[in-house]
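A closer look at the structure
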Amino acid sequence: MVLLFPLRPPKSPEQRDIAIMEMALKEARKAWAAEEVPVGALVVRGNQLLGRGANEVEALKDATAHAEMLALSQAFAASGEKRLVDAELYCTLEPCIQCTGALLHARIKRVVYGAADPKFGGIESLVRLLELPGLNHRMQAKGGVLAAECAQLLQEFFRRKREAAKGEKQGPPS
């Protein structure tokens, strides 16, 4: 396990959320560099990084290889636990229905995300899975952290994909 802030922790919870989301954006840029949809995710507990992930749907030929799922798998392996009680997941895009279900099963305490996902969002945009009655686990959610940066990365990726389809190809922005 890696310490998130080995020298000095952020001064406020908001600064902590921003700092960790910036790390998730680095994972998203790795996904772009691998020609994947640029989504990145981190699982943290306290000051420890338990897992990280970047989309690998294309590389693995697996529709379930979302950044959140890969970060969760890594966190389970690192912690040796089957539940990630008191852990948080940070993701550059609102978790989809699949990933939100996995977060609930993992007993994640809190999910923090950047951009909303109107097509597949499982927290607020398409459906509100966390509000379903009868769930045996309640998870906190906070959206909109670095939302503009997260959305811009996705928009630029798809804009460049459309251009590439017309014959132009470019790499990820720095």
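Definitions and cut-offs
Residues numbered from 1 in each chain as written. Predicted model: local features only at pLDDT ≥ 70, side-chain atom pairs only at ≥ 80, totals over all residues. Heavy atoms only, no water. Helix = DSSP H or I, 4+ residues; strand = E, 2+ residues; numbered from the N terminus. Rg over C-alpha atoms; globule rule 2.2 N^0.38 Å. Buried < 20%, exposed > 50% of the residue type's maximum accessible area, 1.4 Å probe, protein only. Contact = heavy atoms within 4.5 Å. Areas by Shrake-Rupley, 256 points an atom, 1.4 Å probe, with all protein chains shown as cover. Lys, Arg positive; Asp, Glu negative; His and termini not counted. Charge placed at Lys NZ, Arg CZ, Asp CG, Glu CD. Salt bridge = Lys/Arg side-chain N within 4 Å of Asp/Glu carboxyl O. Pairing = 2+ DSSP bridges. Axes fitted to C-alpha atoms, helices over the stretch in contact; angles between N-to-C directions. Phe/Tyr/Trp six-rings, centres within 6.5 Å; stacked < 30°, edge-to-face > 60°. Polar contact = N/O pair within 3.5 Å; in protein donor to acceptor, adjacent residues only side chain to side chain.

1. Things to note about the overall build of the protein chain
Within the protein chain one finds 5 helices and 6 strands. Each helix and strand of the protein chain, ordered N terminal to C terminal, gives the series β-α-β-β-α-α-β-α-β-β-α. Here the C-alpha radius of gyration of the protein chain, 16 Å, is about what a compact globule of 174 residues would show, namely 16 Å. Taken over the C-alpha atoms alone, the protein chain extends approximately 50 × 40 × 30 Å along its principal axes. Counting the 174 residues in the protein chain, one finds 43% classified as buried. The contacts of the protein chain with a sequence gap of at least 6 include a subset with a gap of at least 24, amounting to 57%. Roughly 9300 Å² of accessible area belongs to the protein chain as shown, and the carbon and sulfur atoms make up 55% of that amount. Both charge centroids of the protein chain, one from 24 positive and one from 21 negative side chains, sit 3 Å from each other.

2. Considering the pattern of salt bridges
According to the stated counting rule, one finds 11 salt bridges in the structure shown. For Glu 27, the salt bridge goes to Arg 52, with nearest N and O atoms at 3.3 Å. Highlighted residues: Glu 27 in helix α1 (residues 13–33) and Arg 52 in strand β3 (residues 48–54), separated in sequence by 25 residues. Where Arg 159 meets Glu 163, a salt bridge forms, and the shortest distance between an N and an O atom there is 2.1 Å. Of the two residues, Arg 159 and Glu 163 both sit in helix α5 (residues 147–165), 4 residues apart, roughly one turn of that helix. Look at the salt bridges and you will find they share partners, linking Arg 16, Asp 17, Glu 88, Arg 110 and Lys 142 into a network.

3. Some points on the sheet that holds strand β5 (residues 110–115)
An order of β1-β3-β2-β4-β5-β6 is seen for the 6 strands of this open sheet, with the pairing classed as mixed. Edge positions in the sheet fall to β1 (2–3) and β6 (140–142), since each of these pairs with one other strand and no more. Sheet topology note: the β1/β3 ladder contains 2 bridges and is antiparallel. Following the sheet pairing, Val 2 is matched in β3 by Leu 49. Here α5 sits on the sheet and contacts β4 (88–93) and β5; the angle it forms with β5, its principal contact strand, is near 60°.

4. Examining the packing of aromatic side chains
As enumerated under the stated definition, the model contains 2 aromatic pairs in all. The interplanar angle of 80° and the centroid separation of 5.3 Å between the aromatic rings of Trp 32 and Phe 157 together place this pair among those described as edge-to-face. Separated by 125 residues along the polypeptide, Trp 32 in helix α1 and Phe 157 in helix α5 bring together distant segments of the chain. On the basis of an interplanar angle of 80° and a centroid distance of 5.1 Å, the ring pair of Phe 157 and Phe 158 is categorised as edge-to-face.

5. What to know about the side chain of Glu 88
With respect to the helices and strands, Glu 88 occurs in strand β4. At 2.7 Å, the side chain of Glu 88 and the side chain of Arg 110 are in polar contact. Contact partners of Glu 88, with chain neighbours within four places excluded, come to Arg 16, Leu 42, Val 43, Val 44, Ile 108 and Arg 110.

6. Considerations on the pairing of β3
Across the 7 residues that make up β3, a large majority, 5, are buried. As judged from the 6 bridges shared by strand β2 (residues 40–45) and β3, these two strands associate in the antiparallel manner. The residue of β3 that forms the bridge with Val 43 is Gly 51. The hairpin turn running from β2 into β3, its antiparallel successor, is 2 residues long, and Gly 46 in that turn takes a positive phi close to 60°.

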